[in-house]
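Chains, contacts and geometry: an overview
The chain contents come next:
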Amino acid sequence: MKDKKELLEIAKKIESELSSSNSSFISDIVSFIIASKIEKNSKEEQLKRFLEFLWFCTKNPNVLGGGNTKKNGFKKFIEDYLKLKKENGNFILGNGDFSCLDIDDLFFVFAWAKRIVKSSR
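Residues numbered from 1 in each chain as written. Predicted model: local features only at pLDDT ≥ 70, side-chain atom pairs only at ≥ 80, totals over all residues. Heavy atoms only, no water.

1. Observations concerning the packing of aromatic side chains
Counted by the stated rule, this structure contains 9 aromatic pairs. On the numbers, 5.8 Å between centres and 80 degrees between planes, the contact of F25 with F74 is edge-to-face. Taken together, the residues F25 in helix α2 (residues 25-39) and F74 in helix α4 (residues 68-81) connect sequence positions 49 residues apart. Each member of the pair, F25 as well as F74, is classed as buried. Summarising the aromatic geometry, the rings of F77 and Y81 are spaced 5.3 Å apart at their centres and angled 25 degrees between planes, so their arrangement reads as stacked. Placement of the pair is F77 and Y81 together in helix α4, with a separation of 4 residues, close to one helical turn. A residue is classified by how much of its surface remains accessible, and F77, at 3% relative accessible area, is buried. Residue classification places Y81 among the buried positions, given a relative accessible area of 11%. Here a set of aromatic residues connected by ring pairs shows up, and it is made of F25, F74, F77, Y81, F98 and F110. (Phe/Tyr/Trp six-rings, centres within 6.5 Å; stacked < 30°, edge-to-face > 60°. Helix = DSSP H or I, 4+ residues; strand = E, 2+ residues; numbered from the N terminus. Buried < 20%, exposed > 50% of the residue type's maximum accessible area, 1.4 Å probe, protein only.)

Encoded structure:
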């Protein structure tokens with residue numbers, strides 16, 4: 001697990017990335033992490049399942065509900081900011097801030113990002 005100070009800085013970067021767009025999908029991302037952690041045993045399986053959720057929702061944004069602004073914001077965030085890719089059947093986060101985080105780190109970052117975004121709106 002990374003240092004909490006570093007993780008908070010990553011959460012703050014998310015807030016600045018979302019400052020001009022709909023950010024309601026952050027709650028969905030947190031829910032995907034929670035569901036992944038409940039469903040799978042090992043941290044690697046949990047991370048893989050979480051990335052599968054993101055991939056599926058990026059390809060099928062209507063499952064998110066909400067308006068087009070939310071769906072387009074989610075897709076842009078996942079593809080352009082997190083840089084989620086699928087290579088040889090494996091999912092990879094291309095953004096260097098996220099590429100080395102485990103599922104617990106991701107939960108910490110997105111849970112704090114949710115709080116930071118909510119308090120800044």
